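# A structural walkthrough
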Amino acid sequence: MEHALRAEITLSAAPPDPAGLESLVGSVGEESLKRALGTRGTGHLSGIAVVGDQLHVTLESDGSRPHQALLALVRRLGEGLGRAQKVGVRSFRAPSYRVRFELEGDLKHPVTLPLPHTLHVEGRIATLEMRDLPEEALRDNWMDRAVTLLQEKVRRQSYEGKEQYWDLLTQSPRRELRYDQDPTEGMLARQWIRNGPTKGKWFLGPTAAHLLRTMERIARTEVLEPLGFTEVVQPHHDSFDILLKTGHLEGLPGEFYYVTEPRTRDPAAWETFTDLVKITRKVPEAELAKLVSPPSAVSCYAQCPTIYWWLSGRTIAQESLPLRVFDRSAVSNRYESGGRHGLERVDEFHRIEPVYVGTPDQLVELREKLLARYAHVFDSILELEWRTAWVTPFYMQQSGGVGVEDATARVKGTIDFEAYLPYRGTREASEWLEFQNLSIVGEKYTKAFTIRPQKGELWSGCSGIGLERWLTAFLAQHGLDPDGWPAKFREHVGPMPRDIRFL
């Protein structure tokens, strides 16, 4: 990579000896470049000029980042100028920062960045020039992240339109299924459920709620508790700081429900708002916007980010590994837009999130035990027709994240559980419902949240249990008549509540 950084350093006053300043910059600048770059390349000062109270410098390198050398130069310069010329460094910025590098794929169509820049590409050689970068951008490595983002966008172009890698692992025996209707429509007809007052949500009456809680109880008593998982109760709001560490905020911003807070509780501040509501019987949205703060959190999307926050900055004792906890209190919210369907694809749903942290060997062993417990539930209690598949997005294959053909390499990654839904069509041609997953993510989150072991390597994983999807898979195969349900499931269900009659 080739770098050229043109910087402007603003001093507290014009230096009394500009020539002496240029000499100081020359010696300090070259030393700063040498120390910052080390053995990663060479660099030099290609321009020095004093203009009033400003110092203009240009740093070039063919290896590492010259902005690191600039930070060292500014620090050393402040010390030297204070002693020699009685002036200090007030601030600095970069009118231009250019980097030339090789792309990791072919650029198929233009890409953009949300900051002032120009991008020129010849073949796979890209030249990116960022303009008007403030001091914060240089201290916080914006250029590095811009290059990483461009590489990511180019890689994404190479796998756009290609399906996620999917490889069948196991499949249950084919079952004789006597129900072929959409269970959501059946529950609506029986008035077990009703569309919620806002989109993508359902009100579950006594019968449907009883069945949902039965699924929750089965998951807890037949899967989690036998494997030593214990319950935690977490907040329902995930802060932006948490989501920045997990990567959710940059990867899934269009799927969140965002949380805002009132700017004040003072009734006088809300008087105009309440007066308009009383007169118009409508929500005055423009007035409301003045009274609430910008979002600072999201309503729970998944429970694992906040569980990682709970563990952040801590060292887990060896005797507590593998750590096994689950949350079932936070209701998950995910904006589905036009993708909603029935009870299985909604904006608000209930789930249990088991999270496990331990050594790589411990997590591989725990995964096998979880697979066995899930199989026990799906085969012997729910009596489902289901299968598992190893899933890997195409971009992970290309980046060498997970081996496709070498099964022994499948340590980190995700296993999906899918159930056949007869109402969607034949087993061969229809889309099966992903109703469960199980993941090991390696050090991704333990490093991001600085979660440490007493010794060795620390990995983590999770296995979201979507209760609405468990219920949909079960009812789609066995129907809504309890007489047709498996005997062991009926034992867990117990006495059913009486349906409410509506006239």
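What counts, and at which threshold
- Residues numbered from 1 in each chain as written.
- Predicted model: local features only at pLDDT ≥ 70, side-chain atom pairs only at ≥ 80, totals over all residues.
- Heavy atoms only, no water.
- Pairing = 2+ DSSP bridges.
- Helix = DSSP H or I, 4+ residues; strand = E, 2+ residues; numbered from the N terminus.
- Axes fitted to C-alpha atoms, helices over the stretch in contact; angles between N-to-C directions.
- 1 Å grid on protein atoms, 1.4 Å probe; cavity = no way out; pocket = protein on both sides within 12 Å on 5 of 7 lines; lining within 4 Å.
- Points joined across faces, edges and corners; volume = space filled by probe spheres on them.
- Buried < 20%, exposed > 50% of the residue type's maximum accessible area, 1.4 Å probe, protein only.
- Phe/Tyr/Trp six-rings, centres within 6.5 Å; stacked < 30°, edge-to-face > 60°.
- Lys NZ or Arg CZ within 6 Å of the ring centre and 35° of its normal.
- Polar contact = N/O pair within 3.5 Å; in protein donor to acceptor, adjacent residues only side chain to side chain.
- Contact = heavy atoms within 4.5 Å.
- pLDDT = per-residue confidence, 0-100.

### Focus on the sheet that holds strand S6 (residues 125-133)
Strands sit in the order S2-S3-S1-S4-S6-S5 across an open sheet of six strands; the sheet is antiparallel. What marks the edges here is a single partner per strand, and that holds for strand S2 (43-51) and strand S5 (117-122). Across the sheet, the mean angle separating the axes of adjacent strands is 10° when strand polarity is ignored. Strand direction decides the pairing type here: strand S1 (residues 2-11) and strand S4 (residues 89-102), joined by nine bridges, are antiparallel. Residue Ile9 lies in a different strand from S4, and its bridge partner there is Phe92.

### Considering the layout of surface pockets
Taken as a whole, the second largest pocket holds about 290 Å³ of empty space. As for the second largest pocket, its lining consists of 15 residues, of which Gln191, Trp192, Ile193, Arg194 and Phe502 are closest to the centre. When residues of the lining of the second largest pocket are assigned to their parent elements, the largest contribution, three residues, is made by strand S8 (residues 193-195).

### Brief notes about the pairing of strand S20 (residues 413-419)
Within S20, six of the seven residues are buried, leaving the element largely enclosed by the surrounding structure. Inspection of the sheet shows S20 paired to strand S21 (residues 433-442) by seven bridges, in the antiparallel sense. The residue of S21 that forms the bridge with Phe417 is Gln436.

### Some points on the sheet that holds strand S11 (residues 237-239)
As a general point, the strands of a sheet are linked pairwise by backbone hydrogen bonds and lie either parallel or antiparallel. Read from one edge to the other, the open sheet built from three strands follows the order S11-S13-S12, with strand pairing classed as antiparallel. For this open sheet the edge positions go to S11 and strand S12 (258-259), each flanked by a neighbour on one side alone.

### Examining the packing of aromatic side chains
For the coordinates displayed, the defined rule picks out 19 aromatic pairs. On the basis of an interplanar angle of 25° and a centroid distance of 6.0 Å, the ring pair of Tyr308 and Phe449 is categorised as stacked. Here Tyr308 is found in helix H11 (residues 304-311), whereas its partner Phe449 is found in the loop between helix H14 (444-448) and strand S22 (452-453), with 141 residues between them in sequence. By the burial criterion, Tyr308 is buried, and Phe449 matches it. Each ring, one from Trp485 and one from Phe489, has its centre 5.7 Å from the other, and the planes form 75°; the classification is edge-to-face. With relative accessibility at 3%, the residue Trp485 sits in the buried group. Through successive ring pairs, a cluster of aromatic residues spans Tyr374, Phe378, Trp386, Phe417, Phe435 and Trp470. One residue, Arg387, lies across the ring of Trp432, its end atom 3.8 Å from the ring centre.

### A short note on the side chain of Gln477
Its place among the elements puts Gln477 in helix H15 (residues 467-478). For Gln477, a relative accessible area of 2% gives the class buried. Side-chain polar atoms of Gln477 contact the backbone nitrogen of Glu385, separated by 2.8 Å. Look past the residues within four positions of Gln477 in its chain and what remains in contact with it is Leu177, Arg178, Tyr179, Glu383, Leu384, Glu385, Ala419, Tyr420 and Pro422.

### As for the confidence of the model for the chain
Taken over all residues, the pLDDT of the chain has a mean of 90, while the share at 70 or more is 94%. Contacts from residues 394-408, a stretch scored under 50 in pLDDT, to residues over four places away or in other chains number 20 contacts.

### Considerations on empty space enclosed by the protein
Within the structure shown, the criterion is met by two cavities of 30 Å³ or more. Size it by volume and the largest cavity reaches roughly 50 Å³. Together, Lys201, Trp202, Leu204, Leu343, Val346, Glu348, His350 and Glu468 line the largest cavity. For the second largest cavity, the calculated volume is near 30 Å³. Residue lining of the second largest cavity: Leu103, Leu107, Val111, Leu119, Val121, Ala126, Leu150 and Val154, and that is the complete set. If you list the elements that add at least two residues to the lining of the second largest cavity, you get S5 and helix H4 (142-159).

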